[in-house]
Amino acid sequence: MANGSDSVTPEATDAELVGRVRSGDEAAFEELFNRHRRRVAFIINRFFKRREQVEDVIQETFVKAFFALESFDGTHDKSFPAWLARIATNAAYDELRRTGRRRESELSEEETAHLEANLRAEGEDGDIESALISRDLAHKLLARLSPEDRLVLTLLNGEEASVAEVAEMTGWSIAKVKVRAHRARASLRATLHRFL
Amino acid sequence: MFGRHHRQLTKARLDRLGAAVVSRAAEVDEREIEAVAASPFLYARVRARIAAERERREAGESWLTMLTVAWRAVPAMGLAAAMAFGVFWFGGTSNISPESLFTDEVMFAANDAGVEHVLFADRDALSRDEVFDTLYGSGDSGGSDDAGLSR
């Protein structure tokens, strides 16, 4: 990449920066990176809790974005964050598929007992938020689902995205998102049912 | 009826629990995000991965080019081989068996009709008598008339 750091101005739009990256301006890509890395980290942090894994997926997202810049049409400035969010979501999905349902997500006896006690207590006082434990344990429960189920549930419940937005971010059809969400909830119910 | 109601309650409860589990897992740690996003080496690592990916793609492209050339060359070479075989097969030499190609006559080209025997006959070459005549010709004082007779 050529270096043209002198000419980057904060006022430049994303579309302008993309055009300059295409012409070999490395500083323009660094400016795009600095503008959007927090948003990308925000998306990826919903899926992974280990910092090394989050950093790795962030890097993968920007590498993919760099080589895919030719396909970015840049018709209006707001489309770049959405385009980048889609790449980040797909990179997270690839990482979920790569790691799969990991054995290390198995719950220990202490965690299982703790979860059973909390879930039963939830039935008595109805306070789900206080019943449910640490983020680490929640991740271990979700790790028992398939990558597709984790992705769609995290986007719908965690990101609070609409079905249409999930379809946009994943590239799936709306019907597929609905079917996958239905199956994912059933799968999660079955997982939780074992502890009741 | 009671059993169905109980199942619905259980399902609704599990759905609420599931939603809570997902929300808890997807909770965002602002400090963690700030720490990751502000990592000083993050962009340097991105650049290194871009360079590595670029090299990998270029290596892949060179292989692809070679494969394309081979892909185009194979049919051409096949066609040339087929034409050569056709010329050999239909060129009037089909009665030659492989064994006959390794006989002594063929190896020493004794009966090779393709070899043109060239006879270098110099019509203007001097005969022995002419040489003698030149040396001891009639112009010489010690010469004899025999030289002139032999002509």
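Residues numbered from 1 in each chain as written. Chains lettered and ligands numbered in written order. Predicted model: local features only at pLDDT ≥ 70, side-chain atom pairs only at ≥ 80, totals over all residues. Heavy atoms only, no water.

Trainee: Describe the nonpolar core, listing the residues and the values that go with them.
Mentor: Ranked by size, the top nonpolar core spans 67 residues in total, and within it F29(A), I58(A) and V152(A) carry the most contacts. Looking at which domains feed residues into this core, each of domain 1 (8-99) and domain 2 (107-196) of chain A gives three or more. Discounting chain neighbours no more than four positions away, the residues touching F29(A) are V21(A), F62(A), F66(A), L69(A), Y43(B), V46(B) and I50(B). (Core = buried A, V, L, I, M, F, W, Y, C linked by side-chain atoms within 4.5 Å. Buried < 20%, exposed > 50% of the residue type's maximum accessible area, 1.4 Å probe, protein only. Domains from an automatic or database assignment. Contact = heavy atoms within 4.5 Å.)

Trainee: Tell me about helix α8 (residues 147-158) of chain A, residues and numbers included.
Mentor: Residue and element names in this part refer to chain A. With respect to burial, α8 is a largely interior element, 11 of its 12 residues being buried. Of the residues making up α8, those classed as buried are P147, D149, R150, L151, V152, L153, T154, L155, L156, N157 and G158. Immediately beyond the C-terminal end of α8, within one or two residues, lies E160, with a positive phi of roughly 55°. (Helix = DSSP H or I, 4+ residues; strand = E, 2+ residues; numbered from the N terminus.)

Trainee: Now, about the environment of E30(A): what can you tell me, with residues and values included?
Mentor: All names here are of chain A. Take E30: it is sitting in helix α2 (residues 26-45). Relative accessible area serves as the criterion here: at 33%, E30 is assigned to the partly exposed category. Put simply, E30 and L17 are 13 residues apart on the chain and 9.6 Å apart in space, counted from C-alpha to C-alpha.

Trainee: Explain the interface of chain B and chain A residue by residue, including any values.
Mentor: Opposite the 38 residues of chain B that make contact, chain A presents 47 residues. Across the chain B/chain A interface, buried area totals approximately 4,200 Å², and carbon plus sulfur atoms make up 64% of it. Counting the surface chain B buries against chain A, the share from its top three residues, R24(B), Y43(B) and R49(B), is 17%. Across the contact surface, chain B and chain A share seven salt bridges. A salt bridge links E26(A) to R47(B); the shortest N-O distance between them is 2.8 Å. Across the chain B-chain A interface, the total number found is 13 residue pairs in polar contact (both at pLDDT 80 or more). (Buried area = accessible area lost by both parts, 1.4 Å probe. Salt bridge = Lys/Arg side-chain N within 4 Å of Asp/Glu carboxyl O. Polar contact = N/O pair within 3.5 Å; in protein donor to acceptor, adjacent residues only side chain to side chain.)

Trainee: Tell me about a nonpolar patch on the surface, residues and numbers included.
Mentor: A contiguous nonpolar patch, built from L126(B), V131(B), F132(B), L135(B) and Y136(B) and spanning about 530 Å² of accessible area, is present on the exposed surface. Relative to the assigned elements, Y136(B) resides in the loop between α5 (128-135) and α6 (146-149). (Patch = residues over 30% accessible without salt bridge, like charges linked within 9 Å, V, L, I, M, F, W, Y side chains within 5 Å. Areas by Shrake-Rupley, 256 points an atom, 1.4 Å probe, with all protein chains shown as cover.)

Trainee: Describe helix α9 (residues 163-170) of chain A, with residues and values.
Mentor: Residue and element names in this part refer to chain A. Of all the residues in α9, the buried ones are V166, A167, M169 and T170. Taken end-on, α9 shows its buried residues confined to a sector of 165°, consistent with a single buried face. In this structure, the buried residues of α9 make contact with α4 (79-99), α8 and α10 (174-193). Once α9 ends, the next one or two residues include G171, with phi positive near 85°. (Arc of directions from axis to C-beta.)

Trainee: Please give an account of the pattern of salt bridges that cites residues and values.
Mentor: Close approach of charged atoms allows side chains with opposite charge to pair. Going through the model one piece at a time under the given rule, you end up with 21 salt bridges over all chains. Through salt bridges that share partners, D14(A), E31(A) and R35(A) make up one connected network.

Trainee: Go over unusual backbone geometry with me, naming the residues and quoting the values.
Mentor: Residue and element names in this part refer to chain A. We note that E160 has phi near 55°; this positive angle belongs to a residue other than glycine. Within the fold, E160 resides in the loop between α8 and α9. Look at E160 and you get exposed, because its relative accessible area is 67%.

Trainee: Could you give an account of the packing of aromatic side chains, with specific residues and numbers?
Mentor: Under the defined criterion, the tally for this structure stands at 12 aromatic pairs over all chains. On the basis of an interplanar angle of 50° and a centroid distance of 5.1 Å, the ring pair of F33(A) and Y43(B) is categorised as tilted. Here the residue F33(A) occupies a position in helix α2, and Y43(B) occupies one in helix α3 (residues 42-90), the pair thus bridging two chains. Comparing F33(A) with Y43(B), the two get one shared label, buried. With a centroid separation of 6.3 Å and 45° between ring planes, the pair formed by F47(A) and F48(A) is classed as tilted. Side by side, F47(A) and F48(A) carry an identical accessibility label, which is buried. In this structure an aromatic cluster arises from ring pairing among F29(A), F33(A), F62(A), F66(A), F67(A) and Y43(B). For the cation-ring pair, R57(B) lies above F67(A), with the distance from its terminal atom to the ring centre recorded as 4.1 Å. (Phe/Tyr/Trp six-rings, centres within 6.5 Å; stacked < 30°, edge-to-face > 60°. Lys NZ or Arg CZ within 6 Å of the ring centre and 35° of its normal.)

Trainee: Tell me about the side chain of T61(A), residues and numbers included.
Mentor: Residue and element names in this part refer to chain A. Relative to the assigned elements, T61 resides in helix α3 (residues 51-68). Judged by relative accessible area, T61 falls into the buried class, the value being 0%. With residues up to four places along the chain from it excluded, the contact list for T61 reads V40, I44, L84, I87, A88 and A91.

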